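So the chains spell out like this:
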Amino acid sequence: MSGNRVISSLTDVRATNLAAVLRHVRVHAPCSRTDVASATGLNKATVTSLVGELLDRRLLRETGPAGNRIGRPASLLALEGRPFAAVGIEVAVDYLTAVAVDLSGSRLLSWRRSFPGLGTPAGRPESAVAALAGRVTAKLTGQGRRILGLTVAVPGAVAADDTVRFAPHLGWADLDLRPALAKALHDPAYDVVIENDANLAVVAEHRSGTHAGAPDLIALLGGAGVGAGIIAGGRLVRGDRGRAGRVGHLQLEPGGPLCRCGRHGCLDAYAGLPALIRAALPDAADDGPITDYAPELARLATMAGAGDPTALAALTTAGRRLGQAVSLLSDLLDPRAVVLGGTFTDLAPWLLPAVEAEAKLTVSIMDPAAVATGAAALALENLEAGALPS
Ligand SMILES: [Zn+2]
């Protein structure tokens, strides 16, 4: 098991070519060997040999002859999903989500478990994550599938060695999840990777969202804090220390409300879930500090739907401040699109008009499982970058 996310086998020409064939077939299936050759620039004999190997490895399958071609019918190719699975686990403040997909990206399972993020005693959060990982992988291997990789998404900064540097809303600092995962997964041969949640959200959008393939994209993820996942020039932007995209502490209004960082008027102080719940549901903390945000989020959506003026005003303010942040990011990075995910997905009907009024840019909404789906997709991305299963 290793945390390598940079593929070292790219120097291997054959692996690179095999990966190019896989990428083409994923996007264009069903397609013929001739289609692959003309799109990749590889000669026909090479493609025939590469496809033969991918069929032998059960990464591709033949779907039958093409109907309307002249001469000998060409059999068509598609990804072979069934023998493989990739797993993603999202760690949020109050829940864990696990998603598994097959090689073609079809969802095999989606599980959600409550998870007392901040309320978990020391040593327990990693065992809860590892236990879920163990159950998911046991289920998949029990179905005869081979695991290609497992990625854990966390709301925090992740160092190059995969330790969680800090995840303030979980109370984590310098936490290495991998020993517990290695034990639960019986020292797996596949990669286990820890990655920032917003980074995985933008990977999901880039791979299979509304704006799939766009080289410049931003995902803004709502939760206990706001994070941005950024793809610029086709590459994920991590920054020097894995901290790129920490937009929650962009200071939008120096005289604004107090943020947990000690400054005033940060984006989190308007659009982070604790601030939003405080503003929208003033009675929410009457029974003590909130540790489980899911019921409050549901109540906020219900009250906004019923036209409650306090809830609507708080959502409009949060939406305008989000729009301001979207504008700043757009000016810096000129993305094709900005997509909103996490808690913003649940609150989209009320946030979106205010965001768009401020941002003057099309903003769309992600699937609620985008982070876990992106986490699962990371192993598929690595495979298509040349890291084929041995
Ligand atoms: Zn702040």
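The present account deals with the structure reproduced in this document. (Residues numbered from 1 in each chain as written. Predicted model: local features only at pLDDT ≥ 70, side-chain atom pairs only at ≥ 80, totals over all residues. Heavy atoms only, no water.)

1. Considerations on the coordination of the zinc ion
Octahedral six-donor coordination of a metal ideally yields angles of 90 or 180 degrees, compared with 109.5 degrees for tetrahedral four-donor coordination. We count it as follows: Nitrogen, oxygen and sulfur within 2.8 Å of a metal are treated as its donors, or within 3.2 Å for sodium, potassium and calcium (Na, K, Ca); water is not counted, so a site can appear incomplete. In short, tetrahedral needs four donors with all angles between 85 and 135 degrees, square planar needs four and octahedral six donors with opposite donors over 155 degrees apart and all other angles between 65 and 115, and whatever is left is irregular. Relative accessibility thresholds used throughout: buried, under 20% of the residue-type maximum; exposed, over 50%; partly exposed, between the two (1.4 Å probe, protein chains only).
Looking at the metal site, the zinc ion is ligated by His249 (ND1), Cys259 (SG), Cys261 (SG) and Cys266 (SG), spaced 2.0 to 2.3 Å from it. Bound by four donor atoms, the zinc ion shows angles of 102 to 122° at the metal and therefore tetrahedral coordination geometry. Residue Cys261 is classed as partly exposed on the basis of its relative accessible area of 38%. Judged by relative accessible area, Cys266 falls into the buried class, the value being 0%.

2. Let's talk about unusual backbone geometry
What counts here: For helices the rule is a DSSP run of H or I covering at least 4 residues; for strands it is a run of E covering at least 2, with both sets numbered from the N terminus onward.
For the bond from Ala29 to Pro30, the omega torsion is -5°, close enough to zero to count as cis. Relative to the elements of secondary structure, Pro30 occurs in the loop between α1 (13-28) and α2 (33-40). Even without a glycine there, the phi angle at Arg58 is positive, about 60°. One non-glycine residue, Asp334, lies in positive phi territory at about 50°. Note that Asp334 resides in the loop between α10 (309-333) and β14 (337-342). On the basis of relative accessible area, Asp334 is assigned to the exposed category, the value being 62%.

3. Quick word on helix α8 (residues 273-280)
Convention followed: Between two residues, a contact is recorded if the distance between any of their heavy atoms is within 4.5 Å.
Buried within α8 we find Leu273, Ala275, Leu276, Ile277 and Ala280. On its buried side, α8 packs onto α7 (268-271), α9 (294-305), α10 and α11 (343-346).

4. A look at the environment of Gly229
On the secondary structure map, Gly229 appears in strand β12 (residues 227-232). Residue classification places Gly229 among the buried positions, given a relative accessible area of 0%. A sequence separation of 26 residues divides Gly229 from Val203, and the C-alpha atoms of the two residues are 8.1 Å apart. Among residues more than four places away in sequence, those in contact with Gly229 are Ala198, Asn199, Val202, Leu217, Ile218 and Ala219.

5. Describing the packing of α1 against helix α3 (residues 44-56)
To characterise two packed helices, one gives the angle between the axes of the helices and the distance between these axes. Using the following cut-off: To get an axis, a line is fitted to the C-alpha atoms, and for a helix only the part in contact is used. The angle between two axes follows their N-to-C directions and goes from 0 to 180 degrees. When describing relative orientation, an angle under 35 degrees is termed roughly parallel and one over 145 degrees roughly antiparallel, while 65 to 115 degrees is termed roughly perpendicular and anything else oblique. Three residue categories are used. Nonpolar comprises Ala, Val, Leu, Ile, Met, Phe, Trp, Tyr, Cys and Pro, charged comprises Asp, Glu, Lys and Arg, and polar comprises the others, including Gly.
Viewed as axis vectors pointing N to C, α1 and α3 meet at an angle of 80°, and their least axial separation amounts to 10 Å. Taken together, the axis directions place α1 and α3 in an arrangement best described as roughly perpendicular. Where α1 abuts α3, its residues Arg14, Asn17, Leu18, Val21 and Leu22 lie against Ser49, Leu50, Val51, Glu53 and Leu54. When grouped by side-chain class, the residues that make up the contact of α1 with α3 number six nonpolar, two polar and two charged.

6. Things to note about the sheet that holds strand β13 (residues 235-236)
For clarity, the cut-off: Pairs of strands are assigned from DSSP output, requiring at least two bridges between the strands.
In space, the five strands of this open sheet follow the order β13-β12-β11-β14-β15, with mixed pairing throughout. Two strands lie at the open edges of the sheet, namely β13 and β15 (363-365), each paired on one side alone. Two elements, β12 and β13, share two bridges in a ladder whose sense is antiparallel. Bridge assignment links Ile231 to a residue of β13, and that residue is Leu236. Against the sheet, α10 contacts β11 (217-222), β12 and β14, and its axis sits at roughly 155° relative to β11.

7. Some details on the nonpolar core
One recurring pattern in soluble globular proteins: nonpolar side chains tend to sit buried together. Quick reminder of the rule: By nonpolar core we mean a set of buried residues, namely Ala, Val, Leu, Ile, Met, Phe, Trp, Tyr and Cys, connected to one another through side-chain atoms within 4.5 Å.
Counting residues in hydrophobic clusters, the biggest one holds 36 residues, and the most contacted among them are Leu220, Leu267, Leu300, Leu322 and Leu351. Listing elements by their share of this core, those giving two or more residues are β11, β12, α8, α9, α10, β14 and α12 (348-359). Residue contributions to this core peak at eight residues, all from α10. Ranked by size, the runner-up nonpolar core spans 31 residues in total, among them Leu132, Val154, Leu175 and Leu177.

8. Brief notes about the pairing of strand β2 (residues 75-79)
The element β2 is extensively covered by neighbouring structure, given that four of its five residues are classed as buried. Taken together, the five bridges between strand β1 (residues 60-65) and β2 define a ladder with antiparallel strand orientation. Within the sheet, the bridge partner assigned to Leu60 lies in β2 and is Leu79.

9. Regarding the sheet that holds strand β8 (residues 164-167)
Across the sheet, which stays open at both edges, the three strands sit in the order β7-β8-β9 with antiparallel pairing between neighbours. The strands lining the two open edges of the sheet, one partner per strand, are β7 (157-158) and β9 (172-175).

10. Examining the pattern of salt bridges
Which entries qualify depends on this criterion: The working definition used for a salt bridge is a side-chain nitrogen of Lys or Arg within 4 Å of a carboxyl oxygen of Asp or Glu.
Evaluated as defined, the whole model comprises 15 salt bridges. Between Arg26 and Glu384 there is a salt bridge; the shortest N-O distance is 2.8 Å. Of this pair, Arg26 sits in helix α1 while Glu384 sits in helix α13 (residues 370-384), and the two are 358 residues apart along the sequence. A salt bridge links Glu62 to Arg33; the nearest nitrogen and oxygen atoms lie 3.0 Å apart. Placement of the pair is Glu62 in strand β1 and Arg33 in helix α2, with a sequence separation of 29 residues. According to the relative accessible area criterion, Glu62 is partly exposed, its value standing at 43%. The exposure class assigned to Arg33 is buried, which follows from its relative accessible area of 18%. Within this structure, Arg26, Arg207, Glu381 and Glu384 form a network of salt bridges that share partners.

11. Looking at the packing of aromatic side chains
To describe a pair of aromatic rings, you give the distance between the ring centres and the angle between the ring planes. What counts, and what does not: Two aromatic rings from Phe, Tyr or Trp, using only the six-membered ring of Trp, form a pair when their centres are within 6.5 Å; if the ring planes differ by under 30 degrees the pair is stacked, by over 60 it is edge-to-face, and anything between is tilted. Two limits define a charge over a ring: the Lys NZ or Arg CZ must be within 6 Å of the ring centre, and within 35 degrees of the ring normal.
Under the definition given, this model contains zero aromatic pairs. Lying over the aromatic face of Tyr95, Arg112 brings its terminal NZ or CZ to 3.7 Å of the ring centre. The side chain of Arg321 reaches across the aromatic face of Tyr270, ending 4.5 Å from its centre.

12. Some words on the environment of Pro353
With respect to the element layout, Pro353 can be found in helix α12. Distance in space between the C-alpha atoms of Pro353 and Ala377 is 31 Å, their sequence separation being 24 residues.

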